[in-house]
Amino acid sequence: MAKEQENMMENVTFTELQIGQSATITRRLTLQDIRLFSAMSGDVNLSHVDSGYDPRGLVGHSLWAGALISSVLGTILPGIGTIYREQDLKFYKQLHVGDELTVTLTAREKLQDSHEAIFDCRCVDNTHSVVVEGRARVLVPLEKIRHARPDTLEAQVQGHDHYNALIASCDGLPALRTAVVHPTQARIILAVKEAVEANLIEPVLIGPETKIRKAAEEAKVDISAWELFSTEHSHAAAEKAAELAAQHAVNAIMKGSLHTDEVLSAVLPANAGLRTARKVSHVFYHGIPSYHKPLVITDAVVNVAPDLMAKVDICQNAINFWRAVNESEDKPNVALLAAVETVSAKMQATLDAAALCKMADRNQITGGNLDGPLAMDNAINKEAAADKGIVSSVAGNADILVAPDIEAANIAVKLLTFLGKADSAGLVLGARVPIILTSRADNLRARLMSCALAVKTAKALQEGVIK
């Protein structure tokens, strides 16, 4: 009976409506909300569709709040039979994916002659800041109506919200104590702040103290509660981060405002104490609107022209990473890319792919399903693989793409990011701690994704799930 009551809607008639009577709903803005609103309205302002436009990520449509006000009026107060007459709204603040909005409507005035009512509308976010406020004037129903609540229509927009799924998967995990190397720009400090608020990292700032504090002032971020090691320059900052990681004083390293080679030059020497038995390599994790699951691409950053044995480590690092992020014993599908799907003595990438597959058969690479050589279309599209007569559990269903060299990987990553509108985040693997190696062009969303990946990877390293 209680469940039946929950599924019923009952309006408030003009006679029943009391001045001061109110109703409230709370909703969290999702990527799906933005996509649906864009598709319905045609509003494809870059702030709504391009994750790189705003450093904090995609911005919600202002009138999404208006739609929620309409929802309260039409389903709760006054409810069924309500007809809009006027709406006056003022917008004070933008919303981003993940923000919560609490919408409260309060009856302000009843107009006896027209059976209308005026409602104060107030919308606040999860920081209690006013986002929208105004007034609505509606025709209030005279007849009492009680009706079963219709099922919410399931609207589908192409794509998957891998970003929110990844961030949500870190809920309940402790923040990762992270050495942030040379954070001397405001956008880096802002990204650290957001990662702290998302409970992803516990930052240890390393670099010239004066420059760091100036960046914090520009970002309007209070860093007084964060640990800070002052160093003379960026090289010294990278060396200090490596030292802290070797001493287990931090469990991850994050690149700040310095070059990638400065970070790696501090980590890679044997005397740094961070090397493992495998070569260091990089993975990019992509949430692609047109692909049915997250896709990992390696190695677009570290290994320029890897030989066969380097590719063994690249594959193993990527497999271990996939299993750590997904917290799964399942075997990811690993596609070994080349220009063609047949072995040719004239193309080293095809020979390497064939050898890697046989090495996996002999347990020299473990934990993944390897197949190759595969051209890109065969790796990610089942129809393309079928047209070529390729019979494979990997073809068209890859979890990991292993590129033949850094150029191929880098081009693939940038095509997916800038033309495919993919969410992209990356880590350096193979060291004793994950290294968050973000690009200067990365937006805040990418940086938070990278932090989340580091949290999952560090957990697997600490538990001995990967070595």
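Details of the structure are given in the entry above.
Residues numbered from 1 in each chain as written. Predicted model: local features only at pLDDT ≥ 70, side-chain atom pairs only at ≥ 80, totals over all residues. Heavy atoms only, no water.

1. Observations regarding the packing of helix α6 (residues 186-197) against helix α15 (residues 444-462)
If you want to describe how two helices pack, look at the angle between their axes and the distance between the axes.
Thinking step 1. Orientation of α6 relative to α15, taken along the N-to-C sense of each, is 50 degrees, at an axis distance of 10 Å. As the angle between them shows, α6 and α15 are arranged oblique. Here α6 runs over α15; the crossing is right-handed. Residues Arg187, Ile188, Leu190, Ala191, Glu194 and Ala195 of α6 touch α15, and the partners they reach there are Leu444, Arg447, Leu448 and Cys451. (Axes fitted to C-alpha atoms, helices over the stretch in contact; angles between N-to-C directions. Helix = DSSP H or I, 4+ residues; strand = E, 2+ residues; numbered from the N terminus. Parallel < 35°, antiparallel > 145°, perpendicular 65-115°, else oblique. Left-handed = near helix turned anticlockwise from the far one by under 90°. Contact = heavy atoms within 4.5 Å.)

2. A closer look at the pattern of salt bridges
Pairs can form between side chains of opposite charge whenever their charged atoms are close.
Thinking step 1. On inspection of all chains with the given rule, the structure shows 24 salt bridges.
Thinking step 2. A salt bridge links arginine 137 to glutamate 116; the shortest N-O distance between them is 2.7 Å. Of this pair, arginine 137 sits in strand β6 (residues 130-139) while glutamate 116 sits in strand β5 (residues 116-125), placing them 21 residues apart in sequence.
Thinking step 3. According to the relative accessible area criterion, arginine 137 is partly exposed, its value standing at 27%.
Thinking step 4. You can call glutamate 116 buried: its relative accessible area is 8%.
Thinking step 5. Taking the shortest distance from any N to any O, the salt bridge between lysine 459 and glutamate 327 comes out at 3.5 Å. Here glutamate 327 lies in the loop between α10 (308-326) and β14 (333-337) and lysine 459 lies in helix α15, a separation of 132 residues in the sequence.
Thinking step 6. Given a relative accessible area of 24%, lysine 459 falls into the partly exposed group.
Thinking step 7. Three or more residues joined by partner-sharing salt bridges are found here, namely Glu10, Glu16, Lys144 and Arg146. (Salt bridge = Lys/Arg side-chain N within 4 Å of Asp/Glu carboxyl O. Buried < 20%, exposed > 50% of the residue type's maximum accessible area, 1.4 Å probe, protein only.)

3. Looking at the packing of aromatic side chains
Thinking step 1. Under the counting rule described, the total for this entry stands at zero aromatic pairs.
Thinking step 2. Residue placement shows lysine 110 over the ring face of phenylalanine 14; its charged tip is 4.6 Å from the ring centre. (Phe/Tyr/Trp six-rings, centres within 6.5 Å; stacked < 30°, edge-to-face > 60°. Lys NZ or Arg CZ within 6 Å of the ring centre and 35° of its normal.)

4. Structural notes on the nonpolar core
Thinking step 1. Formed by 59 residues in total, the largest nonpolar core has its most connected members in Ile189, Leu200, Phe321, Leu336 and Leu370.
Thinking step 2. Looking at this core element by element, the count peaks at nine residues for α15.
Thinking step 3. Not counting residues up to four positions away in its chain, the partners in contact with phenylalanine 321 are Val283, Tyr285, Val296, Leu427, Leu429, Leu453 and Thr457. (Core = buried A, V, L, I, M, F, W, Y, C linked by side-chain atoms within 4.5 Å.)

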